[in-house]
Amino acid sequence: MSDTPQSTMQLVQKLSLVVVLMFGFGYLMVPIYNILCEVTGLNGKTGVVDASDAEALDIDQDREVVVEFVANLNQGARWEFKPEVTTMTVSPGKMYTTHYVARNLANKEKIGQAVPSVAPREASLYFNKTECFCFSQQTFAANEQLNMPLTFVVDPALPKTVKRLTLSYTFFNSKSQAES
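To start, this report covers the structure provided alongside it. (Residues numbered from 1 in each chain as written. Predicted model: local features only at pLDDT ≥ 70, side-chain atom pairs only at ≥ 80, totals over all residues. Heavy atoms only, no water.)

### Remarks on the environment of Ser91
- Here Ser91 lies in the loop between strand S4 (87–90) and strand S5 (95–104).
- Sequence separation between Ser91 and Ile59 is 32 residues; the distance between their C-alpha atoms is 6.6 Å.
- Contacts of Ser91, omitting those with residues within four sequence positions, involve Ile59, Asp60, Gln61, Arg63 and Tyr96. (Helix = DSSP H or I, 4+ residues; strand = E, 2+ residues; numbered from the N terminus. Contact = heavy atoms within 4.5 Å.)

### So, the packing of aromatic side chains
- Enumeration according to the criterion identifies 13 aromatic pairs in this entry.
- Seen in terms of ring centroids, Phe69 and Phe152 are 5.9 Å apart; in terms of plane orientation they differ by 65°. Their pairing is edge-to-face. Remark: Phe152 occurs in strand S9 (residues 145–154) and Phe69 occurs in strand S2 (residues 65–73); sequence separation between them is 83 residues.
- By relative accessible area, which is 4% here, Phe69 ends up buried.
- Judged by its relative accessible area of 0%, Phe152 is buried.
- Residues Phe81 and Phe171 carry aromatic rings whose centres are separated by 4.9 Å and whose planes lie at 25° to one another, so their mutual orientation is stacked. Highlighted residues: Phe81 in strand S3 (residues 79–83) and Phe171 in strand S10 (residues 164–173), separated in sequence by 90 residues.
- With a relative accessible area of 0%, Phe171 lands in the buried category.
- Site record: aromatic cluster; members linked through ring pairs are Phe69, Trp79, Phe81, Tyr96, Tyr100, Phe127, Phe133, Phe140, Phe152, Tyr169 and Phe171. (Phe/Tyr/Trp six-rings, centres within 6.5 Å; stacked < 30°, edge-to-face > 60°. Buried < 20%, exposed > 50% of the residue type's maximum accessible area, 1.4 Å probe, protein only.)

### Topic: the side chain of Asp155
- Within the fold, Asp155 resides in the loop between S9 and S10.
- Of the polar contacts made by the side chain of Asp155, one reaches the backbone nitrogen of Ala157; its length is 2.7 Å.
- Apart from residues lying up to four places away in sequence, Asp155 is in contact with Pro92, Tyr126 and Asn128. (Polar contact = N/O pair within 3.5 Å; in protein donor to acceptor, adjacent residues only side chain to side chain.)

### Re the sheet that holds S4
- Spatially, S4-S2-S10-S6-S8 is the arrangement adopted by the five strands of the open sheet, whose pairing is mixed. The two strands at the open ends of the sheet, each matched to only one other strand, are S4 and strand S8 (138–140). Taking the axes of each pair of neighbouring strands and ignoring which way they run, one obtains an average angle of 30° across the sheet.
- Judged from the eight bridges that link them, strand S6 (residues 110–119) and S10 form a sheet pairing that is antiparallel. Looking at S10, one finds that Gln113 is bridged to Phe172. (Pairing = 2+ DSSP bridges. Axes fitted to C-alpha atoms, helices over the stretch in contact; angles between N-to-C directions.)

Now the structure itself:
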């Protein structure tokens, strides 16, 4: 009978350790996933570079890549969201600027956030932004429209087989704000 309380205590300690490990694993999943996406290009996440690093790239004048711009809205979002241009023909290594336009259709202030994705997936490793509205949440007054800049460069190391890539943004209400 003296073994029972001790074995129960050991079981409680082991189960407590499992709970702590599960919580830690769940807590670290998002940062681990983000690092994995950044390293592998999984999920089409784009890179971010400093403007001075982008300007130091050699421009491949003999090559053209078509960049297609797509805008999506999260289901039920009360916004207008579109790219300024739908396609650009670019030379790898050269910086370009374009804009996306968003408008709050609600009669109250709203906060929006855009999440980027690049296709084909392997091209995401070579599509780098120096300035992007997607880096932070955007605050809109009631019925306000914003012209949001995007400055990017396609790395000249982009595989020669990739002649077209698509940059897609999904715009949604900030998590800190309920839809109404």
